[in-house]
Amino acid sequence: MKTTTILLLAIALSAADSYSLKAQTMSTQSQQNPWTLVYEGAITKNENGKVNIHPVTYKLNGIDIAANLYIPADYDASKKYAAVVLAHPNGGVKEQTTGLYAQHLAEAGYITIVADASYQGASGGEPRHTDKPAYRVEDIHGMADFITRFAGVDATRLGILGICGGGGYTLKAVQSDKRFKAVATLSMFNSGVVRRNGFQNAGLATIQERLKAATDARAQKAAGGKVLYSGVASITDEEIANTTIDLYREGYEYYYRSHAHPNSTFLYTTVSLIDLMTWDATNQIELINQPLLMIAGSKADTKYMTEEAFAKATGTKTKEIFVIEGATHIQTYWKPEYVDQAMNKLKDFYGKNLK
């Protein structure tokens, strides 16, 4: 099956079907880790003198949000710590790459939080896998609400790291939320532009067709019919091998094989496209006046999105692109030598801007 065919596929699934598919993708790592973390070097137990993890829940606009807090070693609630909010990739969950970076930042002395987006992962909200930009941006504001009231957090020293789609939503959230004093993205993905135009503008000819499908999906739901889903429910090894675009081939390997988690999926509600296809992470990006760091791999086929956003971010006096030589988009999620480079840059960036 061609990649474009897979990506544009609309699949009618009941909620039971969706959860069954997720259960089938549960990785060995998630089964073995007490917090179902799937990244290499993940915490397996809380110990004195080491970074600890604490699952928390809170309400956001009536929805239960599931999040993980990472607390630095020898945490003392009477002291003051800088904090970093992390926003996960499209289809990702807190137990994957955002958890890895949250843990590393906590090892560097920051209190960090990563939450599953509303309607996704372990967070509440129906229908499942709704992926509307306004909700994702509100999730970021909600994480800031929670972490700035956590004991020991210095609310004047709050940073953010958005990864992939979370990076695009981060660029939007910080335009107006000035609690964030330092803004970083990793392998930024502009979800609205890609859902509208296709990856690298490959879907320009089908924009109206896909908008019609999204409209029809909304009408069907309003009439009491099944919720329609777009994306990839499951994929064979042969289909992965035949996928020519690095982002998607390596993404399938990451999310459905090496770092699979039962709450992670490439599915999203088809009706979400009504909002996604009219959205752009870089619209009004000049409102960002905070220090900005954008990290991307030199071999990432998404690097053009970082470059386009960076050029439009004219409102900040302090901005930098950091290129990780040899890295593809997905490799920045997990490959130790690339993660280390990203972390060294992030520690320097937050160290300077979250004093």
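Residues numbered from 1 in each chain as written. Predicted model: local features only at pLDDT ≥ 70, side-chain atom pairs only at ≥ 80, totals over all residues. Heavy atoms only, no water.

K.L.:
Give a description of the side chain of Ser 264 that names residues and reports values.
P.N.:
Note that Ser 264 resides in the loop between helix 10 (246-258) and strand 9 (268-269). Within polar-contact distance, the side chain of Ser 264 engages the side chain of Gln 96 at 3.5 Å. Residues in contact with Ser 264, not counting those within four places in the same chain, are Gly 91, Gly 92, Val 93, Gln 96 and Tyr 255. (Helix = DSSP H or I, 4+ residues; strand = E, 2+ residues; numbered from the N terminus. Polar contact = N/O pair within 3.5 Å; in protein donor to acceptor, adjacent residues only side chain to side chain. Contact = heavy atoms within 4.5 Å.)

K.L.:
Provide a residue-level description of the pairing of strand 10 (residues 292-297), including the pertinent values.
P.N.:
Counted residue by residue, strand 10 has six buried out of six residues, so it is predominantly covered. Because side chains alternate across strand 10, one face comprises the buried residues Leu 292, Met 294 and Ala 296, and the other comprises Leu 293, Ile 295 and Gly 297, equally buried. For strand 7 (residues 180-186) and strand 10, the ladder comprises four bridges, and the chain directions are parallel. Residue pairing in the sheet places Ala 184 in a bridge with Leu 293 of strand 10. Note that strand 10 and strand 11 (residues 319-324) share six bridges and pair parallel. Counterpart to Ala 296 in the pairing with strand 11 is Val 323. The parallel pair strand 10 and strand 11 is bridged by helix 12 (residues 303-312), and the resulting crossover is right-handed. (Buried < 20%, exposed > 50% of the residue type's maximum accessible area, 1.4 Å probe, protein only. Pairing = 2+ DSSP bridges. Right-handed = clockwise from strand over helix to strand, strands pointing away.)

K.L.:
Got a sec to walk through the sheet that holds strand 5 (residues 111-115)? Specific residues and values, please.
P.N.:
Across the sheet, which stays open at both edges, the eight strands sit in the order 2-3-5-4-6-7-10-11 with mixed pairing between neighbours. Lying at the two open borders of the sheet, with one neighbouring strand each, are strand 2 (52-60) and strand 11. The mean inter-strand angle of the sheet, taken between neighbouring strand axes irrespective of direction, is 20°. Sheet contacts for helix 5 (residues 133-147): strand 2, strand 3 (63-71), strand 4 (81-87), strand 5, strand 6 (153-163) and strand 7; angle to strand 4, the most-contacted strand, approximately 160°. Packed on one face of the sheet, helix 6 (residues 165-176) meets strand 4, strand 6, strand 7 and strand 10 and runs near 135° to strand 6. (Axes fitted to C-alpha atoms, helices over the stretch in contact; angles between N-to-C directions.)

K.L.:
Tell me about the environment of Trp 334, and name the residues and values.
P.N.:
Locating Trp 334 in the fold gives a position in helix 13 (residues 331-334). Among the residues examined, Trp 334 registers a relative accessible area of 34% and is labelled partly exposed. Expressed as a C-alpha distance, the spacing of Trp 334 and His 259, which sit 75 residues apart in the sequence, is 9.1 Å. When sequence neighbours within four positions are dropped, the list of residues in contact with Trp 334 reads Leu 100, Tyr 254, His 259 and Val 339.

K.L.:
So, the pattern of salt bridges: which residues are in play, and what are the values?
P.N.:
Across all of its chains, the model carries 14 salt bridges by this definition. A single network of salt bridges, built from pairs that share partners, joins Lys 94, Glu 95 and Asp 116. (Salt bridge = Lys/Arg side-chain N within 4 Å of Asp/Glu carboxyl O.)

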